[in-house]
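Working through the structure, step by step
Here are the chains, one letter per residue:
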Amino acid sequence: MEALILLVIGVIAMPILLIIIHSSENKSKQQQKNQNVKLRVSRPGTQQRACPRCGSPVIQYRDGWECGWCGDSGRW
């Protein structure tokens, strides 16, 4: 009877432990992604361009731009 109770507890506890382990792995992956975020700062005296679609500041590249908000992009 005691073995049956332990077996039932194990069957119930195992999925819960797997869910906890899986969620902690997702959190650690997301934290690693957040650490890789690069901030772009415009230089003094330069004009910060805005996205023509949504008006948010854009990321400027040599040959184009990309909006971080709506995902629009283009060439200068």
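Nothing here was measured: the structure is a model prediction, and the numbers come from that model.

Notes on the sheet that holds strand E2 (residues 64–67)
The antiparallel open sheet is built from 3 strands, whose spatial order is E1-E2-E3. Of all the strands in the sheet, just strand E1 (58–60) and strand E3 (73–75) have a single pairing partner and so form its edges. Going from strand to strand, the sheet's axes swing by 20 degrees on average, the running direction of each strand aside. Sheet analysis places E2 next to E3, joined by 3 bridges and oriented antiparallel. Residue pairing across strands places Gly64 opposite Arg75, the latter belonging to E3.

Remarks on the confidence of the model for the protein
Scored by pLDDT, the protein has a mean of 80; 78% of the residues are at 70 or more. Confidence scores differ between elements of the protein, with helix H1 (residues 2–35) showing the lowest mean pLDDT of 79 and E2 the highest of 90.

Scoring rules and cut-offs
- Residues numbered from 1 in each chain as written.
- Predicted model: local features only at pLDDT ≥ 70, side-chain atom pairs only at ≥ 80, totals over all residues.
- Heavy atoms only, no water.
- Pairing = 2+ DSSP bridges.
- Helix = DSSP H or I, 4+ residues; strand = E, 2+ residues; numbered from the N terminus.
- Axes fitted to C-alpha atoms, helices over the stretch in contact; angles between N-to-C directions.
- pLDDT = per-residue confidence, 0-100.

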